[in-house]
Amino acid sequence: MRDRRDETEWFSEPWNTEKKERRRVKKRQRRFKTFGIVILLFLFLFLFGYSTRIQDVTVIGNTRYTEEELISMIFPEEKDWNTFYALYQEQFGKAKDIPFVEKYQVKITGLHSAKITVYEKSVAGCLEYMGSYMYFDREGIIVESSRELEENVPLVTGIQFQHIVMYEKLEVGDAGIFAEILNLSQLLAQYELYPERMAFDKDKQVTLIMGEIQAFLGDSRYMAEKVAELSDMYPALSGRSGTVYLNEYRPDVKNPSYPFVPNGEGVP
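These notes cover the structure that comes with them. (Residues numbered from 1 in each chain as written. Predicted model: local features only at pLDDT ≥ 70, side-chain atom pairs only at ≥ 80, totals over all residues. Heavy atoms only, no water.)

### Digging into the overall build of the protein chain
The condition is simple: By the criteria applied, helices consist of DSSP H or I runs no shorter than four residues and strands consist of E runs no shorter than two, each listed in order from the N terminus. Buried, partly exposed and exposed residues are distinguished by accessible area as a fraction of the type maximum, computed with a 1.4 Å probe on protein chains only: under 20%, between the cut-offs, and over 50%, respectively. Only the protein chains shown count as covering a residue, and every accessible area follows the Shrake-Rupley method with a 1.4 Å probe.
In terms of regular secondary structure, the protein chain is built from 5 helices and 12 strands. Looking at the protein chain as a whole, 33% of its 268 residues are labelled buried. Total accessible area on the protein chain is roughly 18,000 Å²; 52% of this is exposed by carbon and sulfur atoms.

Next up, the structure:
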């Protein structure tokens, strides 16, 4: 007589096999679905990151360059405008070398916006040396070199030096002259006076060359007052050529007058 238990096992074996197969199919389908979702998510993130671009850039701290010039130098390539690439560059990238700029910082302020903060080099004046213009700061350290003369930076003549090395201090007889040059440049800028040249003689007396007009300021005493006087009289000198002498300025003299000698007539 056949055991009933054997019959049960014989009928259940195909059923169990079919059930296991269905489970394997469902498991495989779940894996495909999960894989598909991951691929779609990755594709979405890739497209989102690739298409997210900086559209609004704010620049602060710039005086030598316009906003457009700085932006084109910091974001020169198409990829630089990608928000996430710019964010990576902000953290790990190497800053670009920009003339007359000590450093700059790019801060991503939103998905489509950024702020650039510029820290410019402090330039007092420049010297002409071997066909180039060498720019120095208030301590006489050479901070920049260029083949072009930068606008509103005076060319300084009459300073004696042996040699020039980038990022090193100029060796001159009186290092204090560089602070005097910077002070004079700043005073002139306040009155929007930008001489083409500052000429020093052996006694450190300075003459400003401004087109056809020369202004002999003398030594560094009362320099702020001398520049103020020059600013007041400069419009009246327009169209003339000669030298105005402000070296004898005295603060106790009311309503002073200053000699003006047309070119070719000699010293008063």
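After presenting the structure, the write-up continues.
### Considerations on helix 5 (residues 223-233)
Selection criterion: Contacts are assigned to residue pairs that have any heavy atoms within 4.5 Å of one another.
Taken together, the buried positions of helix 5 are occupied by M223, K226, V227, A228, L230, S231 and M233. Looking at the buried positions of helix 5, the neighbouring elements they touch are helix 4 (177-190), strand 9 (206-210), strand 10 (213-218) and strand 11 (242-245).

### A word on a positive patch on the surface
The following threshold applies: Only residues whose relative accessible area exceeds 30% and that take part in no salt bridge are eligible for patches, with like-charged residues grouped when within 9 Å of each other and nonpolar side chains (Val, Leu, Ile, Met, Phe, Trp, Tyr) grouped when within 5 Å. Think of a salt bridge as a Lys or Arg side-chain nitrogen and an Asp or Glu carboxyl oxygen that are within 4 Å of each other. When charges are tallied, Lys and Arg are placed among the positive residues and Asp and Glu among the negative ones, while His and the ends of the chain are skipped. To locate a charge, take atom NZ for lysine, CZ for arginine, CG for aspartate or CD for glutamate.
Residues K26, K27, R28, R30 and R31 make up a contiguous surface patch of positive charge. The topology assignment puts K26 in helix 1 (residues 4-51). Given the relative accessible area of 51%, K26 is considered exposed.

### A word on unusual backbone geometry
The phi angle at N152 is positive, at roughly 65 degrees, despite the residue not being glycine. Along the chain, the position of N152 falls in the loop between strand 6 (142-146) and strand 7 (155-157). In this structure N152 comes out as partly exposed when scored by relative accessible area, which is 44%. For N255, which is not glycine, the phi dihedral falls at a positive 50 degrees. The residue N255 is located in the loop between strand 11 and strand 12 (260-262) in this model. Residue class for N255 comes out exposed when judged on its relative accessible area of 77%.

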